[in-house]
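What follows is each chain in one-letter form.
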Amino acid sequence: MLITLNQITKVYQIGEVDIPALRGVTFTIDRGEFVAIMGASGSGKTTLMNILGCLDQPTSGQYSLDDTEITRLNRNELAYIRNKKIGFVFQNFNLLPRTSALENVELPLFYGNRLSSRQKYQRAIEMLTRLGLADRLEHYPSQLSGGQQQRVAIARALINQPSIILADEPTGNVDSKTGQEIMKLFQQLNQEEITIILITHEKDIADYARRLIHIKDGEIV
Amino acid sequence: MSLFLTLRVALRALIRNKVRSILTMLGIIIGIAAVIAVIAVGQGATVMIQEQIASMGDNPLIIFPGSARVGGFRFGAGTRSTLTVQDAEAIIKECPYVKAVTPIIRAGGQIIYQDKNWSSGIEGVAPSYLEVRNWNLKEGNLFTDSDVKSATKVCLLGATVAKELFDNEESVGKTIRIRNMPFRVIGVLEKKGSAAFGHDQDNTIIAPWSTVSRVLQRSSFNEVNQILASVTSIKMLEPAKKEISAILRQRHRLSQGTEDDFSITDATEITNAITSISRLMTLLLVVIASISLIVGGIGIMNIMLVSVTERTREIGLRMAVGARGKDILLQFLVEAVVLAGIGGVFGIFLGYGAAQIISNANNWPVLVSTDSILLAFVFSSVVGIFFGFYPAWRASRLNPIEALRYE
């Protein structure tokens with residue numbers, strides 16, 4: 001198993017009140033799967049994504065990713081796991097402004113990497129070419145369309161050959177036609193044995209995945 | 001992230017906000033420039049004073065006649081002529097630490113050559129004067145002991161007098177008139193520059209002391225304004241002072257318990273006094289300059305805090321793709337140090353330029369030492385680290401989830 005979640009809970013403390021966001025979530029994801037985690041806002045899917053993405057630690061339970069027990073790791077070790085094993089794709093792209101597409105894609109290689117700048121450059125070019133952006137290397141995000149920006153973000157997510165791609169509402173900021181293109185791109189990547197976890201509240205987007213996990217009120221339904 | 005890459009990222013970020021970066025640097029630039037200029041002027045002044053003291057001669061001792069006393073009422077030093085030429089002769093004869101000595105009898109007056117006239121001091125001295133003052137002849141010859149004996153009307157001109165009266169023409173052999181007395185010019189002195197308190201040492205004429213005394217002052221006494229002695233080495237200054245004091249007390253028949261009727265000053269006292277004043281001034285100005293540097297540092301801190309807030313999302317993203325807290329810390333710290341460092345470099349140039357302008361305007365030597373440049377550079381970098389640390393630390397402590405969602 002690539003991912004094993006066992007009885008994951010997350011409780012936020014706001015003042016004196018404890019607010020449970022996840023109440024014992026258990027599931028597994030295998031290598032090469034394309035999973036959509038669906039739920040309405042407030043269902044706990046964002047919390048689940050933060051934990052899956054090693055951005056946050058659960059209150060209790062075990063999370064194992066690629067045979068590494070994540071719940072025992074400290075801040076720096078989590079950063080290392082994020083760098084090596086997780087590629088993020090965000091709703092609002094989160095590209096660095098006034099920074100070329102190429103450099104945005106190179107960014108994960110700057111951390112915890114011993115590649116020469118030439119190798120980084122080569123890899124970033126290859127990745128952008130693979131995503132059909134070979135003629136947009138030096139463009140700033142502001143000079144690219146929404147779909148192109150999201151493809152740059154996907155190239156950035158893929159550059160370190162991560163174990164999973166974690167896409168949080170990747171079509172939320174683009175029109176439906178571009179959204180379809182992005183989803184087709186994910187399907188295509190999935191065919192190349194890349195594990196993709198998609199977080200969304202839209203049914204027709206979730207339908208692109210091969211497996212659906214519904215979450216409601218912090219529990220899998 | 002490697003330091004080189006971090007540096008590149010920092011430079012990019014600073015270039016992205018050009019105006020803001022330059023304005024922030026300005027604080028550091030002004031601070032560093034002030035420090036550099038102040039130290040340069042201070043060191044220049046110290047060197048100038050040392051040179052001027054050295055121009056007085058080798059380890060000079062100046063002996064003044066004592067103060068006049070009328071009843072219980074005392075006047076200042078030099079108000080009574082208690083020193084004579086014979087005292088000077090006794091000093092060189094009896095004191096082993098003194099290598100040369102000369103009496104000085106001062107007169108002044110209008111000097112005329114053809115249609116030109118000029119006013120300068122005339123010093124009546126012994127032929128050893130040039131040795132005492134460590135001064136050389138530019139042309140001509142010195143007068144001799146026999147000139148002194150017979151009070152010949154010969155003189156040597158200081159560079160300024162030679163220029164004013166002869167305007168670069170040959171002056172040796174010509175006759176000038178001092179207070180309407182004809183004097184033959186037998187030599188010209190080398191240029192020596194201005195003295196510690198700014199008066200022009202080259203605006204002088206020297207002549208045999210006997211001539212000045214008899215011809216110009218019409219005096220038959222051998223009273224002198226000053227005796228100038230040159231001591232063999234700087235260590236011998238104190239023993240020489242004691243010895244001279246003993247010789248003069250004996251010659252003046254002063255019984256034990258009576259006060260000296262002369263005073264002996266050595267140049268190191270003057271040097272020390274002036275040096276300590278200039279050092280104090282420099283210190284004071286450096287303190288003021290440092291305060292401006294601190295103000296500049298606070299400017300950096302302020303702008304870095306703004307920058308961290310503005311780039312919260314960027315920080316969140318960097319963390320999401322694997323930046324550790326210390327990577328973020330380093331990134332912002334390097335940015336602050338680069339800001340301060342570049343400001344420091346510009347400040348050094350500006351300070352250097354200011355020092356040159358001060359030196360040109362005041363005819364004052366200005367010394368920009370490598371020490372002060374190095375100090376300024378290190379200082380500005382330290383300011384960058386010190387004031388950049390808090391904003392960088394705040395950035396490194398951000399929660400990636402909140403940072404990513406920051407609007």
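Note that the coordinates shown come from a computational prediction; the quantities given were computed from them, not determined experimentally. (Residues numbered from 1 in each chain as written. Chains lettered and ligands numbered in written order. Predicted model: local features only at pLDDT ≥ 70, side-chain atom pairs only at ≥ 80, totals over all residues. Heavy atoms only, no water.)

### Some words on the pattern of salt bridges
Residues and elements named next belong to chain B.
Here is step 1 of the chain: Tallied over the full model, the rule gives 21 salt bridges over all chains.
Here is step 2 of the chain: Salt-bridge contacts for aspartate 266 lead to lysine 241; the nearest nitrogen and oxygen are separated by 2.8 Å. Taken together, the residues span a long stretch of sequence, with aspartate 266 in strand S12 (residues 262–266) and lysine 241 in helix H8 (residues 237–251) at a distance of 25 residues.
Here is step 3 of the chain: Overall, the relative accessible area of 12% leaves lysine 241 in the buried class.
Here is step 4 of the chain: Note that arginine 311 is salt-bridged to glutamate 335, the shortest N-O span being 3.0 Å. With arginine 311 in the loop between helix H9 (267–310) and helix H10 (312–320) and glutamate 335 in helix H11 (residues 325–362), this residue pair connects regions lying 24 residues apart in the sequence.
Here is step 5 of the chain: Its relative accessible area of 2% is what places glutamate 335 among the buried residues. (Salt bridge = Lys/Arg side-chain N within 4 Å of Asp/Glu carboxyl O. Helix = DSSP H or I, 4+ residues; strand = E, 2+ residues; numbered from the N terminus. Buried < 20%, exposed > 50% of the residue type's maximum accessible area, 1.4 Å probe, protein only.)

### A closer look at the nonpolar core
Here is step 1 of the chain: Membership of the largest hydrophobic core comes to 75 residues, with the highest contact counts inside it found for Ile3, Leu52 and Tyr63 of chain A.
Here is step 2 of the chain: With 11 residues, H11 of chain B is the largest single contributor of residues to this core.
Here is step 3 of the chain: Each residue touching isoleucine 3 of chain A, except ones within four places of it in the same chain, is listed here: Phe27, Thr28, Ile29, Leu52, Tyr63, Ser64, Leu65, Ile164 and Ile197 of chain A.
Here is step 4 of the chain: Membership of the second largest hydrophobic core comes to 64 residues, among which are Leu61, Ala90, Ile176 and Ile274 of chain B. (Core = buried A, V, L, I, M, F, W, Y, C linked by side-chain atoms within 4.5 Å. Contact = heavy atoms within 4.5 Å.)

### Describing the pairing of strand S9 (residues 211–216) of chain A
All names here are of chain A.
Here is step 1 of the chain: Both strand S3 (residues 34–38) and S9 contribute to a ladder of 4 bridges, which runs parallel. Counted as the bridge partner of methionine 38 is histidine 214 from S9.
Here is step 2 of the chain: Of the pairings in the sheet, the one linking S9 to strand S10 (residues 219–220) comprises 2 bridges and is antiparallel in character. Its bridge partner being in S10, isoleucine 215 is matched across the sheet by isoleucine 220.
Here is step 3 of the chain: Where S9 hands over to S10, the hairpin turn is made up of 2 residues, of which aspartate 217 adopts a positive phi near 50°. (Pairing = 2+ DSSP bridges.)

### Some thoughts on the sheet that holds strand S2 (residues 17–29) of chain A
Here is step 1 of the chain: The 4 strands lie next to each other as S2-S1-S4-S5 (chain A), forming an open sheet whose pairing is antiparallel. Unpaired on one side and paired on the other, S2 and strand S5 (68–69) of chain A mark the two borders of the sheet.

### Side note on the packing of aromatic side chains
Residue and element names in this part refer to chain A.
Here is step 1 of the chain: A full pass over the atoms with the stated rule returns 4 aromatic pairs over all chains.
Here is step 2 of the chain: Taken together, a centroid distance of 5.6 Å and an interplanar angle of 5° make the contact between phenylalanine 88 and phenylalanine 90 stacked. Residue phenylalanine 88 shares its accessibility class with phenylalanine 90, and that shared class is buried. (Phe/Tyr/Trp six-rings, centres within 6.5 Å; stacked < 30°, edge-to-face > 60°.)

### Some thoughts on the confidence of the model for chain B
Here is step 1 of the chain: Summing up the model confidence of chain B, the mean pLDDT is 86 and the portion of residues at 70 or higher is 95%.
Here is step 2 of the chain: Per-element averaging of pLDDT across chain B places strand S2 (residues 69–70) of chain B at the bottom with 52 and H10 of chain B at the top with 95. (pLDDT = per-residue confidence, 0-100.)

### What about the interface of chain A and chain B?
Here is step 1 of the chain: Contacts between chain A and chain B engage 24 residues on the former and 25 residues on the latter.
Here is step 2 of the chain: Buried surface at the junction of chain A and chain B, summed over both partners, amounts to about 2,300 Å²; 56% is from carbon and sulfur atoms.
Here is step 3 of the chain: Our count for the chain A to chain B interface comes out at 1 salt bridge.
Here is step 4 of the chain: We note a salt bridge from glutamate 103 of chain A to arginine 12 of chain B, for which the minimum N-O separation is 2.5 Å. (Buried area = accessible area lost by both parts, 1.4 Å probe.)

### Focus on the domain arrangement of chain B
Here is step 1 of the chain: Split by domain assignment, chain B resolves into domain 1 (3–52 + 272–405) and domain 2 (81–260).
Here is step 2 of the chain: Summarising the inter-unit geometry, the C-alpha centres of domain 1 of chain B and domain 2 of chain B are found 55 Å apart. (Domains from an automatic or database assignment.)

### Concerning H11 of chain B
Here is step 1 of the chain: Relative to the 56 Å expected for 38 residues at 1.5 Å per residue, H11 of chain B spans 54 Å between its end C-alpha atoms, a close match to the ideal helical length.
Here is step 2 of the chain: After H11 of chain B finishes, the residue asparagine 363 of chain B shows a positive phi value of roughly 55°. (Expected span 1.5 Å × (residues − 1).)

### Concerning helix H12 (residues 370–396) of chain B
Here is step 1 of the chain: With 27 residues, H12 of chain B should reach 39 Å at 1.5 Å per residue; the first-to-last C-alpha distance of 37 Å fits that figure.
Here is step 2 of the chain: Phenylalanine 389 of chain B marks the point of greatest bend in H12 of chain B, at about 45°, and the proline proline 391 of chain B comes within the next four residues.
Here is step 3 of the chain: Here H12 of chain B has its buried residues at Ser372, Ala376, Ser380, Ser381, Val383, Gly384, Phe387, Gly388, Pro391, Ala392, Ala395 and Ser396 of chain B.
Here is step 4 of the chain: Against helix H2 (75–85) of chain A together with helix H2 (18–55), H9, H10 and H11 of chain B lie the buried residues of H12 of chain B. (Bend = angle between axes of the 7 residues up to and from the residue.)

### Focus on the sheet that holds S3 of chain A
All names here are of chain A.
Here is step 1 of the chain: Strands sit in the order S6-S7-S8-S3-S9-S10 across an open sheet of 6 strands; the sheet is mixed. The open sheet has two edge strands, strand S6 (86–89) and S10, and neither has a second partner.
Here is step 2 of the chain: Bridge analysis of S6 against strand S7 (residues 164–168) gives 4 bridges, and the strand direction is parallel. Note that in S7 the partner of glycine 87 across the bridge is isoleucine 165.
Here is step 3 of the chain: Contacts between H2 and the sheet are confined to S6 and S7, with S6 contributing the most and set at about 80° to the helix. (Axes fitted to C-alpha atoms, helices over the stretch in contact; angles between N-to-C directions.)

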